[in-house]
Amino acid sequence: MGGVTEPTTATALSDLSADELESFLENQRTAYAELQGRGLKLDLTRGKPSVAQLDLCNELLGLPKGHLDAGGTDVRNYGGLSGITELREMFADLLWVETEQVVAGGNSSLTMMHDCLVQLLLHGAPDSPRPWSQEERVRFICPVPGYDRHFTMLASYGIEMLTVPMHEDGPDVAAVRELVKDPAVKGMWIVPTYANPSGSTCSQEVASALASMETAAPDFRIFWDNAYAFHHLTEDEAKSADILTLASGSGHPDRPIMFASTSKITFAGSGVAFLAASKANVDWYLGHQQFASIGPDKVNQLRHAQFFGSAEGVRAHMARHREILAPKFAAVDEALTSALEGRAVATWSKPSGGYFVNLDVLDGTATRVVELAKAAGIALTPAGASFPHGHDPRDRNIRLAPSFPVLDEVRTAMAGVATCVLLAAAETLSGVQG
């Protein structure tokens, strides 16, 4: 009689005998040689929108129709430092804030973050005893793994970075509370929704704790980089914590400064960035911005307002993005599960939104995995990039960015990455130098 064949369960590499491990290592060397022989040239280094995603927005190239905003202002001319009202209203709805709390700027939220940091260093915040640059030291809390550009920005100004673990529900609150007892700790970064690269979403409870905690620095700031607030990969959409209301309700209305943009919603190089904050922070930001600009690109803002039509139009547009992206993230999980499950050499995130998959490999092997992948024609973000100064103390973290390649290339690349993970692990466990 025939029977159902039970699936084969892979054995953890650490459970293999010396002979079995040697045989496994040879098999992986063979598989890797075959991978190198394919002449691949694939890039998973940055979370860029794919051509198919950019094509969703080609209507923008024929917009705007007309040159007057909803208030009758000619967007072709100077002025309007806070951006056009209809677009600010639209994103106020999406970000759960009031329109007067929103500034619509240029194409880069990173530029807005940098402007805020520089103004804090040069002038301090409204509640600062002195400019940050006049402090003996300035320190920032950095949840890890985190966004490399946040860290390189701080490093460029000599700001000391203090790491705390990033959990599934946000940064480690107990660790943060301990660090903010130091008056030199002036701020922290957080990507609250579908965090880069872990995919974590900050819970309402964690956000409330961050908003209400006592800090030694009276001008402590949370840089709330809500870059992926609308980038859902499933119909079960995470809701961003309402940090501005939480902070205001706890008596610290000026603590958070929120950032967002359309950079991965429309055209990555010509979107619209947003800052949302308390009235005091908005006035402070625009008060300094007036010396750098006579107004943002309001023509670009108007075409975005016309393209979306409403907040609901943004949500519908993001559903079309999801149709393109979700199969790629599923392909990452399928490839890694097929090759690595049961081997006890890697864990990876299964995000429900955002742009990245967080891959943790065997301690001490991430640099080797990236090196092997590069030699096989698969470009990955450098190991440790998700940590300050690019230094992962365990050398295990790799950020995967599957958005840009087409689906078949994602499958090919991830199968190749899995081979590199297994080979690096087998080398390490065998005591063999790569």
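Residues numbered from 1 in each chain as written. Predicted model: local features only at pLDDT ≥ 70, side-chain atom pairs only at ≥ 80, totals over all residues. Heavy atoms only, no water.

**A closer look at helix α3 (residues 85-95)**
Quick reminder of the rule: Type-normalised accessible area, obtained with a 1.4 Å probe on protein chains alone, sets the label of each residue: buried when under 20%, exposed when over 50%, and partly exposed for intermediate values. Helix and strand assignments follow DSSP, with helices taken as H or I runs no shorter than four residues and strands as E runs no shorter than two, numbered in order from the N terminus. In this description, contact between two residues means that some pair of their heavy atoms is separated by no more than 4.5 Å.
Here α3 lies mainly inside the structure; eight of its eleven residues are buried. Of the surrounding elements, those touching the buried residues of α3 are β2 (102-104), β8 (256-261), β9 (273-276), α10 (298-308) and α11 (311-340).

**A look at the pairing of strand β11 (residues 357-361)**
For clarity, the threshold we go by: Pairing between two strands requires that DSSP report at least two bridges joining them.
Burial of β11 is extensive: five of the five residues sit out of reach of the surface. Side chains of β11 alternate between two faces, with Val-357, Leu-359 and Val-361 and Asn-358 and Asp-360 buried alike. Judged from the three bridges that link them, strand β10 (residues 346-348) and β11 form a sheet pairing that is antiparallel. If you follow Thr-347 over to β11, its bridge partner there is Asp-360. Sheet topology places β11 next to strand β13 (residues 397-400); four bridges connect them, and they run antiparallel.

**Focus on unusual backbone geometry**
Backbone torsion omega between Val-144 and Pro-145 reads -5 degrees, so that peptide bond is classified as cis. On the secondary structure map, Pro-145 appears in the loop between β3 (139-144) and α5 (148-156). Asn-196 connects to Pro-197 through a cis peptide bond whose omega is 0 degrees. Take Pro-197: it is sitting in the loop between β6 (185-190) and α7 (204-212). In this structure, Asp-395 is a non-glycine residue whose phi angle is positive, near 45 degrees. Looking at the secondary structure, you find Asp-395 in the loop between β12 (378-380) and β13.

**Description of the sheet that holds β13**
Counted only if it meets this: Interaxial angle, 0 to 180 degrees, is taken between N-to-C directions of lines fitted to C-alpha atoms, where a helix line uses only the stretch in contact.
Across the sheet, which stays open at both edges, the three strands sit in the order β10-β11-β13 with antiparallel pairing between neighbours. For this open sheet the edge positions go to β10 and β13, each flanked by a neighbour on one side alone. The sheet shows a mean angle of 20 degrees between the axes of neighbouring strands, taken without regard to direction.

**A look at the packing of helix α1 (residues 18-36) against helix α13 (residues 407-430)**
Selection rule: Rotating anticlockwise by less than a right angle from the far helix to the near helix defines a left-handed crossing, while the corresponding clockwise rotation defines a right-handed one. Three classes are used: nonpolar for Ala, Val, Leu, Ile, Met, Phe, Trp, Tyr, Cys and Pro, charged for Asp, Glu, Lys and Arg, and polar for all others, with Gly counted as polar.
The interhelical angle for the contact between α1 and α13, taken along N-to-C directions, is 145 degrees, at an axis separation of 9 Å. Like other packed secondary-structure pairs, α1 and α13 cross with a definite hand, here left-handed. Facing α1, whose interface residues are Leu-21, Phe-24, Leu-25, Gln-28, Arg-29, Ala-31, Tyr-32 and Leu-35, α13 presents Gly-416, Thr-419, Cys-420, Leu-422, Leu-423, Ala-426, Glu-427, Leu-429 and Ser-430. Partitioned by chemical class, the residues of the contact of α1 with α13 number eleven nonpolar, four polar and two charged.

**Structural notes on the packing of aromatic side chains**
Inclusion rule: Planes of paired rings set the category: under 30 degrees apart is stacked, over 60 is edge-to-face and the rest tilted, where pairs are Phe, Tyr or Trp rings (Trp by its six-membered ring) whose centres lie within 6.5 Å. The criterion is that NZ of a Lys, or CZ of an Arg, lies within 6 Å of the ring centre and within 35 degrees of the ring normal, and then a charge sits over that ring.
By the definition in use, this model includes eleven aromatic pairs. Aromatic pair Phe-91 and Phe-230: ring centres 6.1 Å apart, planes at 65 degrees, arrangement edge-to-face. One end of the pair, Phe-91, is in helix α3; the other, Phe-230, is in the loop between β7 (221-225) and α8 (243-249), with 139 residues separating them in the sequence. Here Phe-91 matches Phe-230 in class, with each residue buried. Judged by centre distance (6.2 Å) and plane angle (50 degrees), the rings of Phe-140 and Trp-189 are tilted. Pair noted here: Phe-140 is in strand β3 and Trp-189 is in strand β6, with a separation of 49 residues, a long-range link. Ring pairing ties together the aromatic residues Phe-91, Phe-230, Phe-274, Phe-307 and Phe-308, which thus form one cluster. Positioned above the aromatic ring of Phe-404 is the side chain of Lys-48, whose terminal nitrogen or guanidinium carbon lies 4.6 Å from the ring centre.

**With respect to the environment of Pro-327**
Note that Pro-327 resides in helix α11. The exposure class assigned to Pro-327 is partly exposed, which follows from its relative accessible area of 34%. Taking the C-alpha atoms as reference points, Pro-327 and Leu-233, 94 residues apart in sequence, are found 9.0 Å from one another. Residues in contact with Pro-327, not counting those within four places in the same chain, are Arg-322 and Leu-407.

**Re the pattern of salt bridges**
The line we're drawing: Any carboxyl oxygen of Asp or Glu that lies within 4 Å of a side-chain nitrogen of Lys or Arg is treated as forming a salt bridge with it.
Going through the model one piece at a time under the given rule, you end up with 22 salt bridges. The salt bridge partner of Lys-181 is Glu-178, with a shortest N-O separation of 3.1 Å. Overall, Lys-181 belongs to the exposed group, its relative accessible area being 55%. For Glu-178, a relative accessible area of 49% corresponds to the partly exposed category. As a salt-bridge pair, Arg-411 and Asp-408 come within 2.8 Å of each other at their nearest N and O atoms. In this pair, Arg-411 and Asp-408 both sit in helix α13, three residues apart, roughly one turn of the helix. Note on Arg-411: relative accessible area 40%, which makes it partly exposed. Taking relative accessible area as the criterion, Asp-408 reaches 54% and is therefore assigned exposed. Three or more residues joined by partner-sharing salt bridges are found here, namely Arg-130, Glu-135, Lys-186 and Asp-219.

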